[in-house]
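Inside the fold
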Amino acid sequence: MRAPSAVPVDDAVLPFEVAALDVRGRLTRLGPALDEILTKHAYPDQVGKLLGEAIVLTTLLGSSLKFDGRFMLQTQTDGPVSMIIVDFVLPDRLRAYARFDLARLGPGMAAGALLGRGHLALTIDQGADMRRYQGLVALDGGTLEDAAHEYFLRSEQIPTKVRLAVGEEFRVEDGPKHRWRGGGMLLQFLPKAPERARQADLHPGDAPEGSELHAVPTDESWAEAQSLLGTVEDVELIEPDLSSERLAYRLFHERGVRVFPLQPVRAQCSCSRHAVSAMLANFSPEDRAGMVEDGKVVVTCEFCSSVYQFTPEEAGAGAAAPGSSSPQ
Ligand SMILES: [Zn+2]
């Protein structure tokens, strides 16, 4: 037993357990790492906030995996933000980007309107010899929190609640500059008796008309944990001076909360000249030739905006006839 640490730590995940409620959780605070990823692209505010939430969610989900490999979150939708990719290379490297249509962005658009309709894919890739696992959920005008809940209800069948928050911090000493900050919390109900984790049925879908939904009362412990999570405000999740331990303690001190070692995360892209060169080798000769502009081939990493330049010979585009296609 000890007092919660008052020292806030950014860019880290704090796993914790509330044994009395059969609940496990993770709390994350992202400061410089989130700011670095979002600032490289100068996203409009609402796009930055949405992508930030996707990064916080990916951090919460990916940090629980105990293997070498990667965890990816990807959205593909028909809204102004048509694609989001967050790539978490375990154990700690994050990178991300969003594609958006500036002309379709409106003031004050919420996450659901920005995304529109489509799907969210969560991919676990444990490396070359292992099977990839992919879970898909529909995005239908809801938030990323909604999609995460839907995912856990359908795919994992573990009662799970997630909170995500992203905001901009203005400090006097920074002058006009702002910094992005994000935070989030995930709770999962993992009772020893599996019947306690049963959840209400999904929407009946094509069930015959008049058939009754099977009602499952929520377990009292899980109801208590959810109501405590419901008291967390966005500002507490991103507040730079409030430590994760203090926030966990504020919520669960009556039940007792046990914390585990912090897991650091950082913003780092995995692109390299070698990797880009290998990617070019996969294009057809015509495509490579079509990439030559002003006597060179220039490839910009969509994640980190690093620019890689090749001569046509280096890019394998020396001999073929010029084409008109370009890489994605
Ligand atoms: Zn890169």
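Basis of the calculations
Residues numbered from 1 in each chain as written. Predicted model: local features only at pLDDT ≥ 70, side-chain atom pairs only at ≥ 80, totals over all residues. Helix = DSSP H or I, 4+ residues; strand = E, 2+ residues; numbered from the N terminus. Buried ≥ 20, exposed ≤ 12 C-beta atoms within 10 Å, placed from the backbone. Contact = placed C-beta atoms within 7 Å. Core = buried A, V, L, I, M, F, W, Y, C linked by C-beta atoms within 7 Å. Pairing = 2+ DSSP bridges. pLDDT = per-residue confidence, 0-100. Domains from an automatic or database assignment. Nonpolar A, V, L, I, M, F, W, Y, C, P; charged D, E, K, R; others polar. Axes fitted to C-alpha atoms, helices over the stretch in contact; angles between N-to-C directions.

Turning to the overall build of the chain, a few remarks are in order. A tally of regular secondary structure across the chain gives nine helices and 14 strands. Dimensions of the chain, computed from the C-alpha atoms along their principal axes, are close to 70 × 60 × 45 Å. Counting only residues that meet the buried cut, the chain has 34% of its 328 residues in that class. Counting contacts in the chain only where the partners sit at least 6 residues apart, residues at least 24 apart contribute 67% of the total.

Glancing now at the nonpolar core. Grouped together as the largest cluster of nonpolar side chains are 69 residues, with contacts concentrated most on Leu51, Ala54, Ile55, Leu57 and Ala96. Ignoring any residue separated from it by four or fewer positions in sequence, one finds alanine 96 in contact with Ile37, Leu51, Ala54, Ile55, Ile85, Val86, Asp87 and Phe303. Listed in part, the eight residues of the second largest apolar core include Val276, Leu280, Met291 and Val297.

Turning our eyes to something else, we now look at the pairing of strand β1 (residues 12-18). Consecutive side chains of a regular strand alternate in pointing toward one face of the sheet and then the other. Counting buried residues along β1, five of its seven residues qualify, which places the element largely inside the surrounding structure. Relative to strand β2 (residues 23-30), β1 runs antiparallel, the two being bridged by seven bridges. Across the sheet, valine 18 pairs through a bridge with valine 23, a residue of β2. The turn joining β1 and β2, which pair antiparallel and follow one another in sequence, is formed by four residues; a positive phi near 55° is taken by aspartate 22. Bridge count for β1 against strand β11 (residues 263-264) is two bridges, and the pairing is antiparallel. Within β11, the residue paired with alanine 12 across the bridge is proline 264.

Mean pLDDT over the chain works out to 90, with 91% of the residues at or above the 70 mark. Counted against residues more than four places away or in other chains, residues 320-328, with its pLDDT under 50, gives 20 contacts.

Domain boundaries assigned for the chain yield domain 1 (13-192 + 220-267) and domain 2 (271-328). Domain 1 and domain 2 are separated by 34 Å when their C-alpha centres are compared. Across the contact, five residues belong to domain 1 and four residues belong to domain 2. Tallied by class, the residues present in the side of domain 1 that touches domain 2 amount to two nonpolar, one polar and two charged.

Here the focus is helix α1 (residues 32-39). Looking only at α1, the buried set comprises Ala33, Leu34, Asp35, Ile37 and Leu38. Of the surrounding secondary structure, the elements contacted by the buried residues of α1 are β2, α2 (45-62), β5 (93-100), β9 (178-189) and β12 (266-267).

If you walk across this open sheet you meet the six strands as β7-β6-β3-β4-β5-β12, and the pairing is mixed. Two strands close off the open sheet at either side, each with one partner strand: β7 (133-140) and β12. Pairing of strand β3 (residues 70-77) with strand β4 (residues 81-89) involves seven bridges; the strand directions are antiparallel. For leucine 73, the partnering residue across the bridge sits in β4 and is valine 86. Its contacts with the sheet place α2 against β3, β4, β5 and β6 (117-125), and it is angled at close to 35° to β4.

A few words now on unusual backbone geometry. Note that the residue after leucine 90, namely proline 91, is joined by a cis bond; omega there is 5°. Turning to its location among the elements, proline 91 is positioned in the loop between β4 and β5. Residues other than glycine seldom take positive phi values, yet aspartate 22 does so here, at roughly 55°. By secondary structure assignment, the location of aspartate 22 is in the loop between β1 and β2.

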